[in-house]
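The residues making up each chain are set out below.
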Amino acid sequence: MVDCARGPFFVKAMRNRPGGRRKSLIRERRINAYLGHISPHLLWDVEAEDWLVLGFEAVDGRSSDFAPDSPDLALVVDAIGEIGRLSLPQIAHDWTETRWDRFASDSSEAELFRGDSLLYTDINPSNFIVVKRRVWAVDWAWPTRGAGFIDPALLVLQLVAAEHTPGNAEKWAERLPAWREAAPQAVDAFAAANLRMYRAAVGRKSDVAWLKAMVDACQAWAEHRGVTTEKRT
């Protein structure tokens, strides 16, 4: 947060050099104008030789609570529903979601993750900021184009990680049209892909506690859905 003569602003900045993080900040800059009132507005940006800087509308709130008894849950689900109603802008047509492809059993399962919805994909309690009875979705670092059920499915995983039962987590997702319209086999494939992905991440970083917690959440969800993670041969 930067307080100044024309502020306050929430400022994000990174070195202006090639790499994934620079690309994600550019994508966040480009998508902001299409997010309506679900995300703080981008008020200015600077791209200089050494730095890329974004200045957003400041939001004075707190991180949301995903616990089973939290009053924030309905607000968060409503916010995800609002995201699901956003139109896919032309600038995002080439932002095909592929992060889970290599964790799918085969290319036909990866195709189940394709679609024409604008996806947020960074669903976690700290990215939903609660201000009174309103929720802001912040940190649009990697919006993509894909199947509409993906954001609700990511919510399910986060809720299970926050100690919901998988069944209760899915009941919250049932409030969202994209979840209700999803083919069960697509959700099953996504559940399995996430479990493989987080297992691989733990294999690289075995001392990171939150990754281990996500493996546990993915395992619980996969078992609830009767999903196997054995890849086809």
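Residues numbered from 1 in each chain as written. Predicted model: local features only at pLDDT ≥ 70, side-chain atom pairs only at ≥ 80, totals over all residues. Heavy atoms only, no water.

1. What to know about the sheet that holds strand β4 (residues 62-63)
Part 1: Spatial ordering of the open sheet is given by β4-β6-β7, a layout of three strands whose pairing is antiparallel. Strand pairing shows two members of the sheet lacking a second neighbour, β4 and β7 (134-137), which therefore form its edges.
Part 2: Judged from the four bridges that link them, strand β6 (residues 128-131) and β7 form a sheet pairing that is antiparallel. Looking across to β7, one finds that Val-130 is bridged to Val-135.
Part 3: On top of the sheet, helix α2 (residues 72-84) reaches β4, β6 and β7; it is set at about 120 degrees to β6, its chief contact. (Pairing = 2+ DSSP bridges. Helix = DSSP H or I, 4+ residues; strand = E, 2+ residues; numbered from the N terminus. Contact = heavy atoms within 4.5 Å. Axes fitted to C-alpha atoms, helices over the stretch in contact; angles between N-to-C directions.)

2. A few points about the nonpolar core
Part 1: Among the nonpolar cores identified, the biggest contains 65 residues, and Phe-113, Phe-128, Trp-140, Phe-149 and Ile-150 are the most heavily contacted of them.
Part 2: Residue assignment for this core shows that the elements contributing at least two residues are α2, β5 (117-119), β6, β7, α4 (150-161), α5 (166-173), α7 (184-204) and α8 (209-225).
Part 3: Examining the composition of this core, we find that 12 residues originate from one element, α7, more than from any other.
Part 4: Other than its neighbours up to four places away in sequence, Phe-149 contacts Leu-112, Phe-113, Ala-178, Ala-182, Ala-186, Val-187 and Phe-190.
Part 5: Counting residues in each nonpolar core, the second largest holds six residues, with Leu-25, Ile-26, Leu-52 and Phe-56 among its members. (Core = buried A, V, L, I, M, F, W, Y, C linked by side-chain atoms within 4.5 Å. Buried < 20%, exposed > 50% of the residue type's maximum accessible area, 1.4 Å probe, protein only.)

3. Thoughts on the environment of Arg-102
Part 1: Looking at the element boundaries, Arg-102 is found in the loop between α2 and α3 (107-111).
Part 2: Residues Arg-102 and Ala-67, spaced 35 residues apart in sequence, show a C-alpha to C-alpha distance of 31 Å.

4. A few points about the pattern of salt bridges
Part 1: Per the stated rule, a full pass over the model turns up 12 salt bridges.
Part 2: Between Glu-47 and Arg-22 there is a salt bridge, with the nearest N and O atoms lying 2.8 Å from each other. Residue Glu-47 is found in strand β2 (residues 42-47), and its partner Arg-22 is found in helix α1 (residues 20-31); the two are separated by 25 residues along the sequence.
Part 3: A relative accessible area of 38% means that Glu-47 is categorised as partly exposed.
Part 4: Three or more residues joined by partner-sharing salt bridges are found here, namely Arg-22, Arg-29, Asp-45 and Glu-47. (Salt bridge = Lys/Arg side-chain N within 4 Å of Asp/Glu carboxyl O.)

5. Let's talk about the sheet that holds strand β3 (residues 51-57)
Part 1: Pairing in this open sheet of three strands is antiparallel, and the strands run β1-β3-β2 from one edge to the other. What marks the edges here is a single partner per strand, and that holds for β1 (9-15) and β2. For this sheet, the mean angle separating the axes of adjacent strands, direction not counted, is 10 degrees.
Part 2: Note that β1 and β3 share seven bridges and pair antiparallel. Note on β3: the bridge partner recorded for Lys-12 is Leu-54.
Part 3: Sitting on the sheet, α1 is in contact with β1, β2 and β3, with an inclination near 35 degrees to β3.

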